[in-house]
Amino acid sequence: MTYADAIDTPLRDGQIKIHDRSVAFPAMVAAGQVAAACLDMLGGEVREGVTTGRLDDLARQFVFDHGAIPACVFYRGYRHTICTSLNHTVCHGIPGERALKDGDIVNIDVTVIVNGWHGDTSRMYGVGDVPRKAERLMDITYEALMRGIAAVKPGATLGDIGHAIQSYAESERTSVVREFCGHGLGRVFHDAPNILHYGKAGQGAVLKPGMIFTIEPMLNLGSPSVKILNDGWTAVTKDKSLSAQYEHSVGVTETGVEIFTKSPAGLDQPHAIKA
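Being a predicted model, the structure only gives us computed values, none of them experimental.

## Digging into the overall build of the protein
In terms of helices and strands, the protein carries six helices and 15 strands. In terms of overall size, the protein behaves like a compact globule, its C-alpha atoms giving a radius of gyration of 17 Å where 275 residues would be expected to give roughly 19 Å. Here the C-alpha coordinates of the protein stretch approximately 45 × 45 × 35 Å along the principal axes. The proportion of buried residues among the 275 residues of the protein is 56%. A sequence separation of at least 24 residues applies to 73% of the contacts in the protein between residues at least 6 apart. Accessible surface, the protein as shown: approximately 11,000 Å² in total, 50% of it carbon and sulfur.

## Concerning the packing of helix H2 (residues 21-43) against helix H3 (residues 52-65)
The interhelical angle for the contact between H2 and H3, taken along N-to-C directions, is 140°, at an axis separation of 10 Å. Considering the angle they form, H2 stands oblique to H3. Handedness of the H2/H3 crossing: right-handed. For the pair H2 and H3, the contacting residues are Val34, Ala37, Cys38, Met41 and Leu42 in the first and Leu55, Leu58, Ala59, Phe62 and Val63 in the second.

## Section: the pattern of salt bridges
One pass over the structure, following the stated rule, counts 12 salt bridges. Note that Asp104 is salt-bridged to Arg98, the shortest N-O span being 2.9 Å. Residue Asp104 is classed as buried on the basis of its relative accessible area of 5%. Close ionic contact of Arg132 with Glu135 constitutes a salt bridge, the shortest N to O distance being 3.4 Å. Taken together, the residues Arg132 and Glu135, both in helix H4 (residues 132-150) and three residues apart, mark about one turn of the helix.

## Details of the packing of aromatic side chains
The full count for this structure, using the stated rule, is four aromatic pairs. Their ring planes at 50° and their centres at 4.8 Å tell us that Tyr75 and Phe189 sit as a pair that is tilted. With a gap of 114 residues between them, Tyr75 in the loop between strand E1 (69-70) and strand E2 (82-86) and Phe189 in the loop between strand E7 (182-184) and strand E8 (191-195) connect regions that are remote in the sequence. Arg21 extends its terminal NZ or CZ atom over the ring of Phe25, reaching a point 5.2 Å from the ring centre. The aromatic ring of Tyr198 is capped on one face by Arg178, whose charged end is 4.7 Å from the ring centroid.

Parameters and conventions
- Residues numbered from 1 in each chain as written.
- Predicted model: local features only at pLDDT ≥ 70, side-chain atom pairs only at ≥ 80, totals over all residues.
- Heavy atoms only, no water.
- Helix = DSSP H or I, 4+ residues; strand = E, 2+ residues; numbered from the N terminus.
- Rg over C-alpha atoms; globule rule 2.2 N^0.38 Å.
- Buried < 20%, exposed > 50% of the residue type's maximum accessible area, 1.4 Å probe, protein only.
- Contact = heavy atoms within 4.5 Å.
- Areas by Shrake-Rupley, 256 points an atom, 1.4 Å probe, with all protein chains shown as cover.
- Axes fitted to C-alpha atoms, helices over the stretch in contact; angles between N-to-C directions.
- Parallel < 35°, antiparallel > 145°, perpendicular 65-115°, else oblique.
- Left-handed = near helix turned anticlockwise from the far one by under 90°.
- Salt bridge = Lys/Arg side-chain N within 4 Å of Asp/Glu carboxyl O.
- Phe/Tyr/Trp six-rings, centres within 6.5 Å; stacked < 30°, edge-to-face > 60°.
- Lys NZ or Arg CZ within 6 Å of the ring centre and 35° of its normal.

Laid out in structure tokens, this is it:
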């Protein structure tokens, strides 16, 4: 979700879609698994000397080879298949000639379209010998994501998700970025509701079976403040502290939550595997 989307699109409870699970959930699994498999493939390519542009080329070819469409290409003028957000880049880093270096951390975010349905996910990767503080930030961010997902069930609220993420992240001395959020998903790329990664338990819209959305917390080692670079996309931490993000697409079931973008190869936390 772009900065403008996050600021200009308020929570619109009345417009939250309740999908027919028998139709939407299998379709979301199909899309989510292509996106997740793309990130599995890229895990073997994230190494010192490889450019972010090369990763983008590999991702685009993978998506096409699997009968899907890269959702981000030409979306609001964006020209790439993935976003590559390095070190103090919070999100929406643009692939290019930057070569990965030993000690870098990078978030790769990919969204694909399969038969009209969107699969949206991102993961953190470490390059070579990653500093312990960076490993710790990635570990905390992944755990924050999973705690947010664990809060999803019928009768819970959007605030419960945000509270689960924020309370854990801040207890671990990290900060939650406010300017960006998760979003409704399905046949529409960015839909209602906004999924804030901070908040108060019991507040916000009530979750119902058939809702589909992303949860994608961004945590910083320093201040939560961000700024947008002149390209209009890249968001970085104002204090140049490290930032990390993990993302899954999920659906509310009758008893809890289904994750559509789990790694087919069990590589949901690739930075930890590399470590």
